[in-house]
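# Structure assessment
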Amino acid sequence: IFKFKIIIALHGVLTPDSLKAITTHLFIKTLAKIVLSVFYKSVSMFYDAIVVLNTLQKEALEAYGVRPAKINIIPHGAEKCDVSVDGFSEGRQILFHGFVRPSKGLLELINAVKHLAEDNVDVKLKILGSVAHQTFERVDEKRYLMEVTRRCEELKERCIMKLGFHKTEELLKEAKMSYIIVLPYKDRFIESSAVLHTFMDCGKAVIVSATPRFLADLSPSEALFINPTTEDLYKAIKSLIENEELYKLLAQGLKRKASSRYWNIVAQEWFKVIMK
């Protein structure tokens, strides 16, 4: 009405395959695809521009019939890891951050650390976890949180878990003190990981699951991709501990990626879209 330019940013793009509950029902899956197509086409009609975070999101929108000219890719912003921390924590600390829920692969990670400890590999796990609203609404989510807590306690000093809200400065300090950052998420959402972008400038090797949220933003020279199973996590962590050259390659590659995505650079990309 007022001739303002309206831009919408999509953190993720839904597809029937990312909606786990309906993927086994062909009719509902087809219906979901039609509904999503109508929704995203409507979005493109009522907004002057659409901003997505990566090429996978752009491709998903184009598959729904959204005109490519309306879609702009601006990556998620990366934090500058400029906290002053001297050295690593005792033992090789493996850091996890994210919601403590079944889709995050935490039980598999705890099992991998347990097997590494049994093989006399000097590692410990630090879980900086958040509690999702689903935990208070669903029995299976509550049980999962209790199971993660129990398994972590069984490892004693090998596993430390802190639940709650974690400030960015705290996260960056923990990342600097850690040896490896592991994000074994299982969901299939087409989006970008804010957790990854928080840590990517800290000069650490990262292990991630081969899921869309990581495949969209990283290459094999920037992270070690795995299936989020106990065996694959065990092998990946051990390989990075034993292969210093590979560790440096991944850490340096990821830090280079971060330097192209600092928030001030992202802001300039937004300005270009606004001024088009």
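Below is a short write-up of the structure. Predicted, not measured: the structure shown is a model, and the values here were computed from it.

## What about the packing of helix α3 (residues 106–118) against helix α4 (residues 139–154)?
- Relative orientation of the contacting elements α3 and α4 amounts to 10 degrees, with a least axis distance of 10 Å. Comparing the axis directions of α3 and α4 gives the class roughly parallel. Packed against α3, whose contacting residues are L106, L107, I110 and N111, the element α4 presents Y144, E147, V148, R151 and C152 at the interface.

## As for the state of the cysteines
- One pass over the full model with this rule turns up two disulfides.
- A sulfur-sulfur distance of 2.1 Å marks the disulfide that ties C81 to C202. Note on the C81 and C202 pair: the S-S dihedral is about 90 degrees, so by sign convention the disulfide is right-handed. Taken together, the residues C81 in the loop between β4 (71–73) and β5 (92–99) and C202 in the loop between α6 (194–199) and β10 (205–209) connect sequence positions 121 residues apart.
- Using a relative accessible area of 8% as the deciding quantity, one classes C81 as buried.
- In this structure C202 comes out as buried when scored by relative accessible area, which is 6%.
- Covalent S-S linkage joins C152 and C159, the inter-sulfur distance amounting to 2.1 Å. Disulfide C152 to C159: torsion about the S-S bond roughly -105 degrees, handedness left-handed.
- Sequence-ordered numbering of the bonded cysteines in the chain gives a pairing of 1-4, 2-3.

## Some points on the sheet that holds strand β1 (residues 7–9)
- The strand order across the open sheet built from three strands is β1-β3-β4, with neighbouring strands paired in parallel fashion. Lying at the two open borders of the sheet, with one neighbouring strand each, are β1 and β4. Going across the sheet, the axis of each strand differs from the next one's by a mean of 25 degrees, ignoring polarity.
- Sheet topology note: the strand β3 (residues 49–52)/β4 ladder contains three bridges and is parallel.

## A few points about the side chain of Q93
- Here Q93 is to be found in strand β5.
- Look at Q93 and you get buried, because its relative accessible area is 3%.
- Here the side chain of Q93 touches S178 through a polar contact of 2.8 Å, side chain to side chain.
- The contacts of Q93, once residues within four sequence positions are left out, are K124, K126, E174, M177, S178, Y179 and I180.

## With respect to the nonpolar core
- By size, the foremost hydrophobic cluster in this structure holds 60 residues, and its most contacted members are L109, I180 and I207.
- Per element, the largest residue contribution to this core is seven residues, and it comes from α3.
- Not counting residues up to four positions away in its chain, the partners in contact with I180 are Q93, I94, L95, A205, I207, I237, L240, I241 and Y247.
- Grouped together as the second largest cluster of nonpolar side chains are 14 residues, L36, Y40, L61 and Y64 included.

## Considerations on the environment of N120
- Among the secondary structure elements, N120 is positioned in the loop between α3 and β6 (123–130).
- Along the primary structure N120 and V273 are separated by 153 residues, whereas in three dimensions their C-alpha atoms are 53 Å apart.

## So, a nonpolar patch on the surface
- Judged by side-chain polarity, I1, F2, F4 and I6 come together as a nonpolar surface patch covering roughly 570 Å² of accessible area.
- In this fold, F2 is placed in the segment before β1.

Reading guide: rules and limits
- Residues numbered from 1 in each chain as written.
- Predicted model: local features only at pLDDT ≥ 70, side-chain atom pairs only at ≥ 80, totals over all residues.
- Heavy atoms only, no water.
- Axes fitted to C-alpha atoms, helices over the stretch in contact; angles between N-to-C directions.
- Helix = DSSP H or I, 4+ residues; strand = E, 2+ residues; numbered from the N terminus.
- Parallel < 35°, antiparallel > 145°, perpendicular 65-115°, else oblique.
- Contact = heavy atoms within 4.5 Å.
- Disulfide = S-S within 2.5 Å.
- Buried < 20%, exposed > 50% of the residue type's maximum accessible area, 1.4 Å probe, protein only.
- Pairing = 2+ DSSP bridges.
- Polar contact = N/O pair within 3.5 Å; in protein donor to acceptor, adjacent residues only side chain to side chain.
- Core = buried A, V, L, I, M, F, W, Y, C linked by side-chain atoms within 4.5 Å.
- Patch = residues over 30% accessible without salt bridge, like charges linked within 9 Å, V, L, I, M, F, W, Y side chains within 5 Å.
- Areas by Shrake-Rupley, 256 points an atom, 1.4 Å probe, with all protein chains shown as cover.
- Salt bridge = Lys/Arg side-chain N within 4 Å of Asp/Glu carboxyl O.

Without other data, these values stay purely geometric and don't point to any function.
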